[in-house]
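# Topology and contacts: notes
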Amino acid sequence: MMTIQSMRKVQPLEAVLVANASRARLFERDADNGAMRETASFVHPQSRMKGAELGRDRPGQAFKGAARTAYEPHTDPHHKELAEFARELMQRVEEEALQRRFPRVAILASNPFLGELKAHMGPTTGRLLAAAVALDLTEYVNGNLERRVAQALADASPPPAAS
């Protein structure tokens, strides 16, 4: 009996992060057929809260002689929550990149959250970045998500080289 073996080279899976400011999903994607398997899901409800609901502290006070003034923090509580969620997501992607779980990574995220993610991107993830697309696909599932991701990545131009 003769065995026929496929000569097709197995394409390693790439990582795809689909995110917005309050929800993210991490996938492994077969580069040949676009099939995606969700490996992690993240929810950050604080990102949807109003700044007043997040920061319960009163502004700090400074005294100068007999005068007194209140000062606002440099970063509002809402932006702090966005930055924390972006940091958490990119830390997870960086850990997987360091473990060499994938040869490339693509990030599809709402704008301006994509900028937050890029700001917290680790060096290994930065080297593996194949595409960064400002597009929120977090509400899509299954085949519809796979088609939209494939189309967005096909339309995306490569990111500029890091200097």
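First, a word on what this report is: a plain description of the structure on this page. Think of each chain on its own: its residues are numbered from 1, step by step along the sequence as written. With the structure being a predicted model, the display of local features is reserved for residues of pLDDT at least 70 and the display and counting of side-chain atom pairs for 80 or more, all residues being used for whole-chain, interface and lining totals. Where side-chain values are given, they derive from all heavy atoms of the structure, hydrogens and water being excluded.

All right, on to the pattern of salt bridges then. By definition here, a salt bridge exists when the distance from a side-chain nitrogen of Lys or Arg to a carboxyl oxygen of Asp or Glu is within 4 Å. Applying the stated criterion across every chain yields a total of eight salt bridges. With a shortest N-O distance of 3.0 Å, Arg-104 and Glu-14 are connected by a salt bridge. Of this pair, Arg-104 sits in the loop between α2 (77-98) and β6 (105-109) while Glu-14 sits in strand β1 (residues 13-19), and the two are 90 residues apart along the sequence. Note that Glu-96 is salt-bridged to Arg-101, the shortest N-O span being 3.7 Å. Taking relative accessible area as the criterion, Arg-101 reaches 40% and is therefore assigned partly exposed. Put simply, DSSP marks the helices as runs of H or I at least four residues long and the strands as runs of E at least two long, and each gets a number from the N terminus on. The buried label goes to any residue with under 20% of its type's maximum accessible area, the exposed label to any with over 50%, and the partly exposed label to all in between, with areas taken from a 1.4 Å probe on protein chains only.

Let's shift gears to the pairing of β6. For β6, a buried count of five out of five residues is recorded, marking the element as mostly surrounded by other parts of the structure. Burial along β6 is two-sided: the residues Val-105, Ile-107 and Ala-109 and Ala-106 and Leu-108 are all buried. Should DSSP find at least two bridges between two strands, the strands are regarded as paired. The pairing of β1 with β6 spans five bridges and is parallel. When the sheet's bridge partners are listed, Val-18 is paired in β6 with Leu-108. Bridging between β6 and strand β7 (residues 129-134) involves five bridges; their strand directions are parallel.

Right, let's get into unusual backbone geometry. In this model, Asn-111 is joined to Pro-112 through a cis peptide bond whose omega is 15°. If you trace the backbone, Pro-112 turns up in the loop between β6 and α3 (113-119). Residue Arg-100 is not a glycine yet carries a positive backbone phi of 55°. Within the secondary structure layout, Arg-100 lies in the loop between α2 and β6. Judged by relative accessible area, which is 73%, Arg-100 ranks as exposed. Despite not being glycine, Asn-142 has its phi angle at roughly 50°, a positive value. With respect to the secondary-structure elements, Asn-142 resides in helix α5 (residues 142-155).

Moving on: the packing of aromatic side chains. Centre-to-centre distance and the angle between the planes together describe a pair of aromatic rings. Pairing of aromatic rings covers Phe, Tyr and the six-membered ring of Trp, with a centre-to-centre limit of 6.5 Å; geometry is then stacked below 30 degrees between planes, edge-to-face above 60, and tilted otherwise. Inspection of the entire model under this criterion finds one aromatic pair. When the ring of Phe-85 is compared with that of Phe-113, the centres are 5.8 Å apart and the planes differ by 20°; the resulting orientation is stacked. Here the residue Phe-85 occupies a position in helix α2, and Phe-113 occupies one in helix α3, the gap between them amounting to 28 residues. Overall, Phe-113 belongs to the buried group, its relative accessible area being 3%.

Coordinates in, geometry out; function isn't part of it.
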